[in-house]
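# Survey of secondary and tertiary structure
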Amino acid sequence: MTLRDQVKAISATIGKEIAFEEATPDGHPDWLVELQAGSVDGPGSLPPADTFWRITGRQPRTFQQWAADHAKDFQS
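Here's a quick rundown of the structure. (Residues numbered from 1 in each chain as written. Predicted model: local features only at pLDDT ≥ 70, side-chain atom pairs only at ≥ 80, totals over all residues. Heavy atoms only, no water.)

## Remarks on the packing of aromatic side chains
Summed over all chains, the structure comprises 2 aromatic pairs. Consider the rings of Phe63 and Trp66, whose centres lie 5.2 Å apart with planes at 40°: the pair is tilted. Taken together, the residues Phe63 and Trp66, both in helix 4 (residues 63-69) and 3 residues apart, mark about one turn of the helix. On the accessibility criterion, Trp66 (30% relative accessible area) is partly exposed. Between the aromatic rings of Trp66 and Phe74, the centroid separation amounts to 5.7 Å while the plane-to-plane angle is 70°, which identifies the pairing as edge-to-face. (Phe/Tyr/Trp six-rings, centres within 6.5 Å; stacked < 30°, edge-to-face > 60°. Helix = DSSP H or I, 4+ residues; strand = E, 2+ residues; numbered from the N terminus. Buried < 20%, exposed > 50% of the residue type's maximum accessible area, 1.4 Å probe, protein only.)

Spelled out as structure tokens, the structure:
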């Protein structure tokens, strides 16, 4: 899930439009720019893993479920 998708999910959950603005790479280390670019444009540098399931024995929540559980945290 990209950062853009995460912002859309939070926006949908709280029923309020949230703007997504990309930061420019000026003054940031190349590795940080690459990491952030991956999370905005695609799956990011870390592929999905089954770590949560292996440790807890249960399926992880989706981002949408997490956003719904934390909707009040995003309200102004």
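## Re the pattern of salt bridges
If you walk through the whole model with that rule in mind, you get 2 salt bridges. In this structure, Arg54 and Asp50 form a salt bridge, with 2.8 Å as the shortest nitrogen-oxygen distance. Take Arg54: its relative accessible area is 52%, and that puts it in the exposed class. On the basis of relative accessible area, Asp50 is assigned to the partly exposed category, the value being 40%. For Arg61, the salt bridge goes to Asp69, with nearest N and O atoms at 2.3 Å. Residue class for Asp69 comes out partly exposed when judged on its relative accessible area of 48%. (Salt bridge = Lys/Arg side-chain N within 4 Å of Asp/Glu carboxyl O.)

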